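Breakdown of the fold
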Amino acid sequence: MSVRVRFAPSPTGFVHVGGLRTALYNYLFAKANQGTYLLRIEDTDQERLVEGAVESMLRSLDWAGIHHTEGVMLDDQGRVVEKGNKGPYIQSRRLSVYRSHMDKLLASGHAYPCFCSKERLEIVREKERMEKGTPRYDGHCRQLEKEEVEKRLKNGETHVIRLKLPEKEEIRFDDLVRGTVSVSTEDLDDQVLLKSDGYPTYHFAVVVDDHLMEITHVIRGEEWLASTPKHVYLYQAMGWETPTYVHLPNILNTDRKKLSKRHGDVSAEDFQRKGYLPEALVNYLALIGWSPEDNQEIFSIDELEKSFSLKRVSKSGGVFDVKKLNWMNTHYIREADLEELTRLAIPYLIESGYLQEQTVESQKQWVRNFLEVIRENLHYLAELPEKAAVFFQDSIQPEDGEAAEWWESEELTILRPALQKAVESMATMTPEEIKPAFKALQKETGLKGPQFFKPVRVALTGKVHGPDLILIMKVLGKETVLHRLR
Ligand code: GLU
């Protein structure tokens with residue numbers, strides 16, 4: 001049987017990095033096994049629908065380069081379409097499918113209608129919480145007589161349908177990461193499977209869909225592990241074969257708490273907006289929870305496709321360390337094609353007012369020069385305005401005490417007029433011109449190393465440290481350099 005896996009997001013509107021990693025692992029596993037990776041939308045919670053959410057999530061996945069070949073996707077015009085012969089792939093379009101499978105479960109006695117009101121459930125839950133520590137349904141409607149049930153259904157009484165779990169039975173399943181998991185039904189609730197609005201709950205829909213879509217491996221976040229016994233029981237009740245389960249470890253913040261929105265950037269969109277390159281984010285996420293056989297850290301997606309295996313997915317949570325991600329992003333920024341990087345950088349410089357939309361074409365060369373200078377130490381593109389500031393300031397001030405000392409120094413008093421003279425005689429301001437001029441000046445003034453570079457840098461940028469000074473001068477241009485020296 002060929003491998004079929006899925007990513008099944010609920011349309012919240014953004015793809016959490018944990019979700020992005022789940023999508024990635026599914027994608028990589030399918031690639032490694034010549035299988036199929038599909039995308040399904042789980043929108044059974046109609047109260048939580050967000051307009052445009054599906055589109056934006058699909059765009060994020062496209063941006064990340066994690067492409068699926070079946071299920072819900074965007075067409076050339078950015079419209080949501082479905083592809084494949086096991087659809088619909090959007091759960092809200094499958095209500096009749098759930099209904100017919102529910103009828104089978106009811107007929108076989110594995111599910112029952114529950115008429116309990118919200119108020120009653122509240123009271124029961126509270127009582128159970130006090131007595132047993134976990135809020136559970138007390139099974140009140142399990143015992144109803146068949147005739148009574150039929151009468152109440154006929155009367156159109158509001159109800160849900162619950163799973164009828166056997167009493168005191170062990171449910172076991174194997175998880176590729178966690179080994180054998182065993183849970184007693186005593187610790188499980190009679191899960192609601194169909195809500196009073198006619199929509200299935202996640203738990204019912206996921207089982208029906210994974211079965212009908214012939215999913216062989218369910219690869220998903222650890223947060224679903226506790227629900228899996230109920231799913232496994234449902235498979236048994238339906239007489240279906242269970243898929244192989246793979247629960248991925250949580251992504252934690254540096255305090256080892258589960259990474260959530262409260263900790264700042266958590267969605268693919270956040271990182272895209274900040275100017276992380278998708279290659280870097282994907283590379284970094286691949287390594288949270290999976291480790292390669294050697295110590296390699298930089299992986300293109302092609303390389304990941306070749307190296308990834310579920311065997312090397314760990315049980316324990318992996319820490320999301322922005323510093324490490326920044327390091328990786330800097331690596332990818334350094335390696336990026338300069339044209340492509342220029343294209344990506346321009347919007348940040350327009351937004352901050354350093355470039356104008358109308359004249360940007362004529363400033364492209366400047367952007368290239370600028371990127372060449374600063375990309376060595378750039379963490380992400382949203383840092384560009386801050387890096388650009390020094391090139392656009394009208395007047396330069398020393399930024400700290402050390403800079404102020406050089407600003408007032410005897411060295412600078414000597415170097416300033418000499419450098420001014422040298423620059424005036426330059427035709428353009430290329431490194432080929434600047435380098436020999438520096439050499440000559442060093443010889444002439446006897447100032448070398450830091451005694452030469454620090455005062456010149458402070459005069460031109462206000463800073464003691466920074467990127468290659470010759471390249472900075474090239475980016476500043478002759479006029480600005482002279483202006484600053486004067
Ligand atoms: N819809 C669930 C989510 O958004 C998917 C869970 C699963 O993969 O089974 O997390």
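Treat the numbers as computed from the prediction; the structure is a model and nothing was measured. Every chain's residues receive numbers from 1 upward, in the order its sequence appears when written. Local features in a predicted model are, by the rule used here, given only for residues with pLDDT of at least 70; side-chain atom pairs are given and counted only at 80 or more, and totals for whole chains, interfaces and linings are based on all residues. The basis for every side-chain value is the complete set of non-hydrogen atoms in the structure, without hydrogens or water.

Taking 1.5 Å as the rise per residue, helix H4 (residues 118–132) with 15 residues should run 21 Å; its terminal C-alpha atoms sit 20 Å apart, in good agreement. What H4 keeps buried is the set Leu121, Val124 and Glu128. Looking straight down H4, one finds its buried side chains confined to an arc of 65°; they lie on one side. Among the exposed residues of H4, those pointing more than 90 degrees away from its buried face are Glu119, Ile123, Lys127 and Met130. For helices the rule is a DSSP run of H or I covering at least 4 residues; for strands it is a run of E covering at least 2, with both sets numbered from the N terminus onward. Helices are assigned an expected span. That span is 1.5 Å times one less than the residue count. Residue burial is assigned from relative accessible area. The probe radius is 1.4 Å, only protein chains are included, and a residue is buried under 20% of its type maximum, exposed over 50%, and partly exposed in between. Along the arc lie the directions from the helix axis toward the C-beta atoms.

We now examine the sheet that holds strand S5 (residues 111–114). The criterion for strand pairing is that DSSP finds at least two bridges linking the strands in question. The sheet built from three strands is open, its strands ordered S5-S6-S9 with antiparallel pairing. The strands lining the two open edges of the sheet, one partner per strand, are S5 and strand S9 (192–194). The average undirected angle you get between the axes of adjacent strands in this sheet is 45°. Pairing of S5 with strand S6 (residues 160–163) involves four bridges; the strand directions are antiparallel. By the bridge assignment for S6, Tyr112 is matched with Arg162. Sitting on the sheet, helix H3 (residues 95–107) touches S5, S6 and S9, and the angle it makes with S5 is about 105°. Note on method: axes are straight lines fitted to C-alpha atoms, helices fitted across the in-contact stretch only, with angles between N-to-C directions ranging 0 to 180 degrees. Contacts are residue-level and defined by heavy atoms, with any inter-residue pair within 4.5 Å sufficient.

We now examine the site of the ligand. By convention in these notes, a residue is near a molecule or strand provided one of its non-hydrogen atoms lies within 4 Å of it. Around the ligand sit Arg6, Ala8, Pro9, Ser10, Glu42, Tyr202, Val206, Arg220 and Trp224, and that is every residue in its neighbourhood. N or O atoms within 3.5 Å of each other form a polar contact, as long as, within protein, one can give a hydrogen and the other can take it, and as long as residues adjacent in sequence are counted only when both atoms are side-chain atoms. Within the side chain of Arg6, a nitrogen or oxygen atom sits 2.7 Å from an oxygen atom of the ligand. Between the ligand and the protein, one listed contact pairs a nitrogen atom with a backbone N or O atom of Ala8 at 2.8 Å. Residue exposure ignores everything except the shown protein chains as possible cover, and the areas themselves are Shrake-Rupley values with a 1.4 Å probe. Alone, the ligand offers 300 Å² of accessible surface; in the complex the protein occludes 83% of this. Three classes are used, and their members are as follows: Ala, Val, Leu, Ile, Met, Phe, Trp, Tyr, Cys and Pro are nonpolar, Asp, Glu, Lys and Arg are charged, and the others, Gly among them, are polar. Classifying every residue of the shell around the ligand by side-chain character gives five nonpolar, one polar and three charged.

As a further point, take unusual backbone geometry. Gly87 connects to Pro88 through a cis peptide bond whose omega is -5°. Phi angles above zero are rare outside glycine, and Lys168 is one such case at about 45°. Counting through the fold element by element, Lys168 comes out in the loop between S6 and strand S7 (170–175).

Attention now goes to a negative patch on the surface. On the surface, Glu167, Glu169, Glu170, Glu186 and Asp187 cluster together into a negatively charged patch. Relative to the helices and strands, Glu170 resides in strand S7. Judged by its relative accessible area of 49%, Glu170 falls in the partly exposed class. Residues form patches when they are more than 30% accessible in relative terms and have no salt bridge. Like charges link within 9 Å. Nonpolar side chains (Val, Leu, Ile, Met, Phe, Trp, Tyr) link within 5 Å. By salt bridge we mean one thing: a side-chain nitrogen of Lys or Arg within 4 Å of a carboxyl oxygen of Asp or Glu. For this count, His and the chain ends are skipped, Lys and Arg are scored as positive, and Asp and Glu as negative. Taken as the charge centre is NZ of Lys, CZ of Arg, CG of Asp or CD of Glu, depending on the residue.

For the structure shown, the criterion picks out 27 salt bridges. Between Arg334 and Glu376 there is a salt bridge, with its nearest N and O atoms 3.3 Å apart. Taken together, the residues span a long stretch of sequence, with Arg334 in helix H11 (residues 322–335) and Glu376 in the loop between helix H13 (360–374) and helix H14 (384–392) at a distance of 42 residues. Of the residues examined, Arg334 reaches a relative accessible area of 39% and is grouped as partly exposed. Bridged by salt links that share partners, the residues Arg6, Arg40, Glu42, Arg94, Asp209 and Asp210 form one connected network.

Our next topic: the side chain of Thr22. Here Thr22 is to be found in helix H1 (residues 17–32). Residue Thr22 is classed as buried on the basis of its relative accessible area, which comes to 9%. Excluding residues within four positions of it along the chain, Thr22 makes contact with Phe7, Ile219, Arg220, Gly221 and Leu248.

Here we take up the sheet that holds strand S3 (residues 70–74). One open sheet holds the four strands; their spatial order is S1-S2-S3-S4, and the pairing between them is mixed. Only two strands of the sheet have a single partner each, and these edge strands are strand S1 (4–7) and strand S4 (80–83). Mean inter-strand twist for the sheet, computed between neighbouring axes without regard to direction, equals 35°. Where strand S2 (residues 36–39) and S3 come together, two bridges link them in parallel fashion.

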